[in-house]
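Architecture at a glance
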Amino acid sequence: MWGLVPLFWPLLKPAGAIEILAHRMVWSLAFVGLALLAVRRWGWIRELVRSPRKLGLITLAACVITVNWGLYIWSVNTGHVVEASLGYFINPLVTIALGVLVLQERLRPAQWAAVGIGFAAVLVLAIGYGQPPWISLTLAFSFALYGLVKKKVNIGGLESLAAETAVQFLPALGYLVWLGAQGTLAFGGHGAGHTALLAATGIVTAVPLVCFGAAAIRVPLSTLGLLQYLAPTFQFLLGILYFHEAMPPERWAGFSLVWLALTILTWDALRTSRRSRAAVEAAKVSAEAGVHTPAEAGAPVPPATGHTGEETGTTPVSTPSAQPRR
């Protein structure tokens, strides 16, 4: 659904990108409110209201995702689908860079290589464009920052979307009312079908997020990470094959470097995941066989190797229930 959404936004013309964005905010809250009413999950609101820190983070998340949504809609409707897809291709690399800069995480050599190649790709594209690919970079950094803030808020996906759209609702509704007073509101002025499509922006926004939240608790994270490359891949193909956007040699070169970086990143993640599972299985076998560790037997504990769960991206064997977050 995320990969095919570039086909949806052009259907909403002649509404402008900001009006479409405002409708997306208003109707998303309506859809999510109905979903919460159906599942009867309201207890989180009391906890959120009592935490000024979480309220501040939710407001920041709402502001960041507003930039992301608005720029993406504008990009698709002005013929920049390929450049927008690049933003989501490089998003994992930007997320890793933010982890180093903000969370002070340590990277494995393969991750450093991937980030370095991604930086080289941006340079190649900047030289080819004659300027930095600001659409791609803004989409990548805004979504990576959004993920970082969501990690710190740590509430459910449906609840988080409800809180964020609640923050967005009044400004968005006020903008639509202002457009109506100016006589430039597209909603209701281009037939019932166009009006229904604008209202459907809430469904288009919320349903993929709900599906993603449901998949996150059922599918291994390594598989989930690979599946997320499908969306920018579909967007890239749509940009070339359906919207017929140009792909000069320098753009192919930049994209090729990004794909090389993502290949290295994926290979490293799969290798680390296999090692983590093997370590957990070995620990289970040892526990079932009654084998004691040196510490349990009173023997001296060997010196640390310098590799922790944080460094390798794996979960320490002693806490197999903790899952790494993407």
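The structure this text deals with has already been given above.
Being a predicted model, the structure only gives us computed values, none of them experimental. For every chain, the first residue of its written sequence is number 1, and the numbers climb from 1 along that sequence. Local features are withheld for residues below a pLDDT of 70 in this predicted model, meaning they are given only at 70 or higher, and side-chain atom pairs are given and counted only at 80 or more; totals for whole chains, interfaces and linings count all residues. Computation of side-chain values: all heavy atoms of the structure, hydrogens and water removed.

**Considering the overall build of the protein chain**
We count it as follows: Only DSSP runs of H or I reaching four residues or more are called helices, and only runs of E reaching two or more are called strands; each is numbered from the N terminus. The buried label goes to any residue with under 20% of its type's maximum accessible area, the exposed label to any with over 50%, and the partly exposed label to all in between, with areas taken from a 1.4 Å probe on protein chains only. We call two residues in contact when some of their heavy atoms are within 4.5 Å. Computed with the Shrake-Rupley method and a 1.4 Å probe, the accessible areas treat only the protein chains shown as cover for residues.
Assigned secondary structure in the protein chain consists of 13 helices and zero strands. Listed by position from the N terminus, the elements making up the protein chain come as α-α-α-α-α-α-α-α-α-α-α-α-α. Buried residues in the protein chain amount to 39% of all 326 residues. Within the protein chain, contacts between residues separated by at least 24 positions form 82% of all contacts whose residues are at least 6 apart in sequence. Entry remark: accessible area of the protein chain is about 17300 Å², with carbon and sulfur atoms responsible for 69%.

**Let's talk about the layout of surface pockets**
This is how it is decided: With a 1 Å grid laid over protein atoms only, a set of points is called a cavity when a 1.4 Å probe fits there but cannot get out and a pocket when it is open yet has protein on both sides within 12 Å along at least five of seven lines; lining residues have an atom within 4 Å of a point. Grid points are joined across faces, edges and corners, and a volume is the space filled by probe spheres set on the points. In this classification, the charged set is Asp, Glu, Lys and Arg, the nonpolar set is Ala, Val, Leu, Ile, Met, Phe, Trp, Tyr, Cys and Pro, and all remaining amino acids, among them Gly, are polar.
Reported here for the second largest pocket is a volume of approximately 310 Å³. Around the second largest pocket, the lining comprises 13 residues; the ones closest to its centre are Met 1, Trp 2, Phe 212, Leu 227 and Gln 228. If you list the elements that add at least two residues to the lining of the second largest pocket, you get helix 9 (201–216), helix 10 (221–227) and helix 11 (230–242). A per-element tally of the lining of the second largest pocket places helix 9 first, with four residues. Across the lining of the second largest pocket, the residue classes break down as eleven nonpolar, two polar and no charged.

**Looking at the packing of aromatic side chains**
Selection rule: Stacked, edge-to-face and tilted labels apply to pairs of Phe, Tyr and Trp rings (six-membered ring for Trp) whose centres lie within 6.5 Å, assigned for plane angles under 30 degrees, over 60, and everything in between, in that order.
Inspection of every chain in the model, using the stated rule, returns 15 aromatic pairs. On the numbers, 5.8 Å between centres and 80 degrees between planes, the contact of Phe 236 with Trp 252 is edge-to-face. Here Phe 236 is found in helix 11, whereas its partner Trp 252 is found in helix 12 (residues 249–289), with 16 residues between them in sequence. You can call Phe 236 buried: its relative accessible area is 5%.

**Details of the pattern of salt bridges**
Selection criterion: Definition used for salt bridges: Asp or Glu carboxyl oxygen within 4 Å of a side-chain nitrogen of Lys or Arg.
Following the criterion strictly, the structure yields four salt bridges and no others. Taking the shortest distance from any N to any O, the salt bridge between Lys 54 and Glu 47 comes out at 3.5 Å. Note that Glu 164 and Lys 150 form a salt bridge whose closest N and O atoms lie 3.4 Å from each other. Here the residue Glu 164 occupies a position in helix 7 (residues 157–182), and Lys 150 occupies one in helix 6 (residues 134–153), the gap between them amounting to 14 residues. Here Lys 150 falls in the partly exposed class, since its relative accessible area comes to 22%. Residues joined by salt bridges that share partners form a network here, namely Arg 108, Asp 268 and Arg 271.

**So, unusual backbone geometry**
What is expected of a backbone is that most residues other than glycine have negative phi and most peptide bonds are trans. Residue Lys 13 is joined to Pro 14 through a cis peptide bond whose omega torsion reads 15 degrees. The topology assignment puts Pro 14 in the segment before helix 1 (17–39). For His 244, which is not glycine, the phi dihedral falls at a positive 55 degrees. Of note, His 244 is situated in the loop between helix 11 and helix 12.

**Details of the nonpolar core**
Across soluble globular proteins, nonpolar side chains have a tendency to be buried as a group. Inclusion rule: We define the nonpolar core as a collection of buried residues of types Ala, Val, Leu, Ile, Met, Phe, Trp, Tyr and Cys that are connected through side-chain atoms lying within 4.5 Å of one another.
Counting residues in each nonpolar core, the largest one holds 43 residues, and the members touching the most others are Trp 9, Ile 20, Val 32, Tyr 72 and Leu 139. Sorting elements by how many residues they give to this core places helix 3 (residues 52–77) first, with ten residues. Setting aside chain neighbours within four positions, we find Leu 139 in contact with Asn 68, Leu 71, Tyr 72, Ala 84, Gly 87 and Tyr 88. Counting residues in hydrophobic clusters, the runner-up holds 23 residues, among them Leu 86, Val 94, Leu 262 and Leu 265.

**A word on helix 8 (residues 191–199)**
Counted only if it meets this: The arc in question is the one traced by the directions running from the helix axis out to the C-beta atoms.
Every buried residue of helix 8 is listed here: His 194, Thr 195 and Leu 198. Along the axis of helix 8, the buried positions cluster into a sector of 100 degrees, meaning they face one direction only.

**A look at helix 3**
Basically, it comes down to this: Take the number of residues in a helix, subtract one, and multiply by 1.5 Å to get its expected span.
Here helix 3 contains 26 residues, and its C-alpha end-to-end distance of 38 Å stays within 8% of the 38 Å for a straight helix at 1.5 Å per residue. Directly after helix 3, the chain includes Gly 79, whose backbone phi takes a positive value near 85 degrees.

**A few points about the side chain of Ser 85**
Tracing the backbone through its elements, the reader meets Ser 85 in helix 4 (residues 81–101). Filtering out sequence-adjacent residues up to four positions away, Ser 85 remains in contact with Pro 232, Gln 235, Phe 236 and Phe 255.

**Thoughts on a nonpolar patch on the surface**
The cut-off we apply is this: In this analysis, a patch consists of residues with relative accessible area above 30% that form no salt bridge, clustered at 9 Å for like charges and at 5 Å for the nonpolar side chains Val, Leu, Ile, Met, Phe, Trp and Tyr.
A contiguous nonpolar patch, built from Leu 4, Leu 7, Leu 227, Leu 230, Phe 234 and Tyr 242 and spanning about 580 Å² of accessible area, is present on the exposed surface. With three residues, helix 11 is the largest single contributor of residues to the nonpolar patch. The topology assignment puts Leu 227 in helix 10. With a relative accessible area of 43%, Leu 227 lands in the partly exposed category.

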